[in-house]
Amino acid sequence: MSAFAQVAEYSAKHPKPSDITFEYGTAGFRTIGETLESTVFRAGLLAALRSQSKHGQVIGVMITASHNHERDNGVKLVDSMGEMLQQSWEGYCTDIANASSDSQVVDILASIAQLEGIDMSIRPKVAYARDTRPSGPLLQAALEDGLAALDVEATNFGIVTTPQLHYFVRCLNTANSPSPYGEPTESGYNTKYGQAFLRLVDGKPLPSTLHIDAANGVGAPQVRKLADAIGSPYFNIEVNNGDTDTLGKLNIDCGADYVKSNQRSPVGTTLVPSGRYCSFDGDADRIVYYYADDHGIFHLLDGDKISTLVATYLRDLVAAAGVTDLQVGVVQTAYANGSSTSYIKDTLRLPTVFAKTGVKHLHHEAEKMSIGAYFEANGHGTVLFNPCAVEKLQAVRPATPAQADAINRLWALRDLINESVGDAMSDMLLVETILICKGWTLEQWDAAYTDLPSRLLKVVVNDRNIFKTTDAEQKLTSPLGLQGVVDSLVAKFPKGRSFVRPSGTEDAVRVYAEAATRSDCDQLAYAVAGAVFDKAGGRGDRPAE
Ligand code: G16
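Residues numbered from 1 in each chain as written. Predicted model: local features only at pLDDT ≥ 70, side-chain atom pairs only at ≥ 80, totals over all residues.

In the annotation of an unreviewed UniProt entry, the entry for the chain reads Phosphoacetylglucosamine mutase, and the organism field reads Coemansia pectinata. In UniProt, the chain has this text filed under Pathway (unreviewed entry): "Nucleotide-sugar biosynthesis; UDP-N-acetyl-alpha-D-glucosamine biosynthesis; N-acetyl-alpha-D-glucosamine 1-phosphate from alpha-D-glucosamine 6-phosphate (route I): step 2/2." (UniProt positions renumbered as here; feature names shortened; annotations may be inferred.)

A. The UniProt feature "binding site: substrate" (unreviewed entry) in the chain, seen in detail. Within this numbering scheme, the UniProt entry marks Glu 376, Ala 377, Asn 378, Arg 501, Pro 502, Ser 503, Gly 504, Thr 505 and Arg 510 as carrying the feature "binding site: substrate" (unreviewed entry). Summarising the element assignment, Ala 377 is placed in the loop between strand E13 (371-375) and strand E14 (381-385). Setting aside its immediate chain neighbours within four residues, Ala 377 contacts Asp 302, Gly 303, Asp 304, Tyr 335, Ala 336 and Asn 337. Along the polypeptide, Asn 378 turns up in the loop between E13 and E14. With residues up to four places along the chain from it excluded, the contact list for Asn 378 reads Ala 256, Asp 257, Lys 260, Arg 286, Gly 303 and Tyr 335. (Helix = DSSP H or I, 4+ residues; strand = E, 2+ residues; numbered from the N terminus. Contact = placed C-beta atoms within 7 Å.)

B. Region of interest: the sheet that holds strand E9 (residues 287-292). Sheet architecture is open: 5 strands sit in the order E7-E6-E8-E9-E10, paired in mixed fashion. Each of the sheet's edge strands pairs with one partner strand only, and the pair in question is strand E7 (237-240) and strand E10 (298-301). Neighbour-to-neighbour, the strand axes of this sheet turn through a mean angle of 25°, independent of strand direction. By the bridge criterion, 4 bridges tie E9 to E10 in an arrangement that is antiparallel. The residue bridging Tyr 289 from the neighbouring strand is Leu 301, located in E10. Here helix H15 (residues 424-438) sits on the sheet in contact with strand E6 (210-213), strand E8 (276-280) and E9, set at roughly 45° to E9. (Pairing = 2+ DSSP bridges. Axes fitted to C-alpha atoms, helices over the stretch in contact; angles between N-to-C directions.)

C. Local environment of the domain arrangement of the chain. Domain annotation of the chain identifies domain 1 (7-159), domain 2 (187-301), domain 3 (303-419) and domain 4 (454-535). Averaged C-alpha coordinates put domain 3 and domain 4 at centres separated by 30 Å. Contacts between the two partners involve 10 residues from domain 3, matched on the other side by 11 residues from domain 4. Tallied by class, residues from the side of domain 3 that touches domain 4 come to 4 nonpolar, 5 polar and 1 charged. (Domains from an automatic or database assignment. Nonpolar A, V, L, I, M, F, W, Y, C, P; charged D, E, K, R; others polar.)

D. View of helix H3 (residues 90-97). Every buried residue of H3 is listed here: Tyr 92, Cys 93, Ile 96 and Ala 97. Along the axis of H3, the buried positions cluster into a sector of 130°, meaning they face one direction only. Tucked into the core, H3 has its buried residues touching strand E1 (29-32), helix H2 (37-53) and helix H4 (102-115). (Buried ≥ 20, exposed ≤ 12 C-beta atoms within 10 Å, placed from the backbone. Arc of directions from axis to C-beta.)

E. How the structure looks around the site of the ligand. The environment of the ligand is made up of 18 residues, and the closest members are Thr 26, Ser 66, Ser 503, Gly 504 and Thr 505. Among the residues making up the shell around the ligand, the classes are represented as 2 nonpolar, 10 polar and 6 charged. (Near = placed C-beta within 6 Å.)

F. Structural view of the UniProt feature "domain: Alpha-D-phosphohexomutase alpha/beta/alpha" (unreviewed entry) in the chain. Mapped onto this numbering, the UniProt entry annotates "domain: Alpha-D-phosphohexomutase alpha/beta/alpha" (unreviewed entry) at residues 56-89 and 121-175. Between the C-alpha atoms that bound residues 56-89 the distance is 17 Å, and the span itself is 0% helix and 38% strand. The span residues 121-175 is 49% helix and 24% strand, and its two end C-alpha atoms sit 23 Å from each other.

G. Structural context of the pairing of strand E18 (residues 497-502). The element E18 is largely enclosed, with a buried count of 5 among its 6 residues. Here E18 hands over to strand E19 (residues 509-514) after 6 residues, the two strands then running antiparallel side by side.

H. How the structure looks around the packing of helix H7 (residues 186-201) against helix H14 (residues 401-416). Where H7 contacts H14, the axes come no closer than 8 Å and their chain directions differ by 150°. Comparing their axes, H14 and H7 come out roughly antiparallel. Between H7 and H14 lies a crossing whose hand is left-handed. On the side of H7, the interface is formed by Lys 192, Tyr 193, Ala 196, Phe 197, Arg 199 and Leu 200, while H14 contributes Arg 409, Ala 412, Leu 413, Asp 415 and Leu 416. In terms of residue class, the contact of H7 with H14 is made up of 7 nonpolar, no polar and 4 charged. (Parallel < 35°, antiparallel > 145°, perpendicular 65-115°, else oblique. Left-handed = near helix turned anticlockwise from the far one by under 90°.)

I. Expanded view of the packing of H2 against H3. At a closest axis distance of 9 Å, the pairing of H2 and H3 adopts a crossing angle of 135°. The angle between the axes of H2 and H3 places the two elements in the oblique class. When you trace H2 past H3, the crossing you get is right-handed. Residues Thr 39, Arg 42, Ala 43, Leu 45 and Leu 46 of H2 form the contact with H3, whose own contacting residues are Tyr 92, Cys 93, Ile 96 and Ala 97. Classifying every residue of the contact of H2 with H3 gives 7 nonpolar, 1 polar and 1 charged.

J. Summary view of the sheet that holds strand E15 (residues 454-459). Spatially, the 3 strands line up as an open sheet ordered E15-E19-E18, and their pairing is antiparallel. Two strands close off the open sheet at either side, each with one partner strand: E15 and E18. Looking at each pair of strands side by side, their axes are set apart by 15° on average, direction ignored. Bridging between E15 and E19 involves 6 bridges; their strand directions are antiparallel. Bridge pairing in E19 places Leu 457 opposite Val 511. With respect to the sheet, helix H18 (residues 518-535) is in contact with E15, E18 and E19, its orientation differing from that of E19 by roughly 150°.

K. Geometry of the confidence of the model for the chain. The predicted model of the chain has a mean per-residue pLDDT of 96, with 100% of residues at 70 or higher. With pTM at 0.96, the complex prediction returns an ipTM value of 0.96. (pLDDT = per-residue confidence, 0-100.)

L. A look at unusual backbone geometry. Cis peptide bonds are those with omega within 30 degrees of zero, and the linkage from Ser 478 to Pro 479 qualifies with 0°. Residue placement: Pro 479 occurs in the loop between strand E17 (475-478) and helix H17 (482-490). Backbone geometry places Asn 251, a non-glycine residue, at a positive phi of 65°. In this structure, Asn 251 sits in the loop between E7 and helix H9 (256-262). With phi around 50°, Gln 263 is a residue other than glycine that occupies positive phi space. One can find Gln 263 in the loop between H9 and E8.

M. Structural view of the nonpolar core. Ranked by internal contacts, the top residues of the largest apolar core, which has 134 residues, are Val 126, Leu 143 and Val 310. No other element matches helix H10 (residues 303-321), which puts 9 residues into this core. By size, the runner-up hydrophobic cluster in this structure holds 30 residues, among which are Val 459, Leu 482, Val 509 and Tyr 512. (Core = buried A, V, L, I, M, F, W, Y, C linked by C-beta atoms within 7 Å.)

Shown next as C-alpha cells:
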C-alpha cells in the first residue's frame, strides 16, 4: 500500500479556500485563522516528510500568529535542532498549501519524497503546540488529521510559548547524544533556565520588581510557572496584561510590538520613575524593556539595546577568561538604529553584519561567528556559541581564580540562553542577570548610547507582492521609481535613513525612518509612507502625522 494512501481522504475534510494564495513568509504562514485549516493540515503532512528526511528525528509544528491580531493565526515548522525550517523546504510548504485538489496534495508529497530521496518506511515523529488564540483548537484538529494521515508518532505539548516548543524539539533530538540539551517538559525548561540564572546572580544585590506586560498571551501563564520554579527574590515579578481568557485582548494596546512601534507603555501600566518594565509579544518570542525618567518621559530599550548589552558582557567575560581567537559578533537588520550600529563598530569594536528581516536569516549569520549575538530591533533574538568556540572554552586551563570565574560564568550563560531561537523568557533572564551583576538600573543600561529618533509605520496597499527589495531589504527594486523618491526624501534630513519593505507576517508594507531630530524623523517617515500610499495603491486612510 502506498505511504500516501489515506492522504486524499483526510485532505477532503480540509478543503483549500479557492480564493486565497498562501505563502510561507517571514515566520511561516500567517493570515485569518479560520482560512488556515487546509494549510495547517498540509503543514502536518510536510512535517512528517521532513522528519523522515531527517531519518526519523522530531520536527516541530507551532500554531501561532505571535504579534499579529487575535483573529489571525499561523503555522510554522521547527527543524530538528529547534531552529527555523531549512529554507529550501519553504517552497515545498508554499507549493503544498496552494495545491488545488486532494490528488494534487498527494502528487506533491510523492514528488518531494522522490526529490529528497526519502525513505518512506521510517516512522515520522512530530511535536506540536499552539498559543492561546481562539482559532487554535480548530487548527490543531486539522493538524492532527494531517499527522494521522501519515501515521506520525505525535506529541502534543499543549499551550506553550513558541520558543518552548523549539526548546522541546531540540531536547528530544539530543536526548541520546553526548550533549543533551535538557528535559523536554515545561518543568525541564523552567529548571534549566532558572537554575542557570540563580548560579549567575548568587550573592549579588537583589533587584527591584520587574513588571512584565505579557500581551494577554501565553507568556503570562508560562512566566508565572517560571517564577514559581525559580522561587527566589532575585526574580520578583508582577505580570500585567495576563488575561488569556477574555476574547479580543491578545496584543491589543499591549505587548512588545505595540510598545516598540508606538514607543509608549502598554495599556494598564503607569510607569513610575525607577520602575522596571518589559513587554513580551503574543507568543513570547520577543521582549523589549522600558522605563520612565524622573520627568516621566518614556524610554525604550529595544532589541538593539539588548544585543549591545549582551555583546558587551560577553566580550568582557571572554577577555577575562583569557581565551584568544574568540570573537563576539553582532547580527542586525536594517531596522537597527544607526546609533546602535555605530556604537557596536566604533565603541565596542566588535564586528557586525546585516541580515534580512526574520530570525531565520539572522540565525544563519550568527552561526558563522564564534559567539554571535543576533537581535532584531523588535526584540527577537538570541546568542549562539559555535562548536569551535565551545572547544576553545573547554581547552582553557585557568591560571587564576578570576579566569576560572569568567569561564564558569560563560558556561552558565550558555545554559541560560535558548540557542534554538529568540526567546522572551530566556532573554529576560539574560538581561536580568547582566543588570544584577553590574548593579545597573535601566537608565544606566540606556546610557551607553543615544538612539536616533526612529519611526515605524504600516501602509496598507492593494498588493504588497509588487514590493521587491535588495541589499538586506534596504532598497526597493519594485515598484519602479519608488526608491528614487525615497532617496530624494531622505536627502532632505540630516542623518536621515528610510526604507520600505513588504511585511512577511501582515498584509501591509512597512516604512522605517530615522533622522537627527524627532520632528525630522516623523516628517521623513510620513513623507515616505505617503509616497508609498500614492504610488503603490494605498488602501484606507493616507498616512498622516
Ligand atoms: C516574526 C519574525 C520576526 C520578524 C517579525 C516581523 O516575528 O519571527 O523575525 O521581525 O515577524 O516580520 P515582518 O516585518 O516580515 O512582518 P513574530 O514575533 O511575529 O513571530
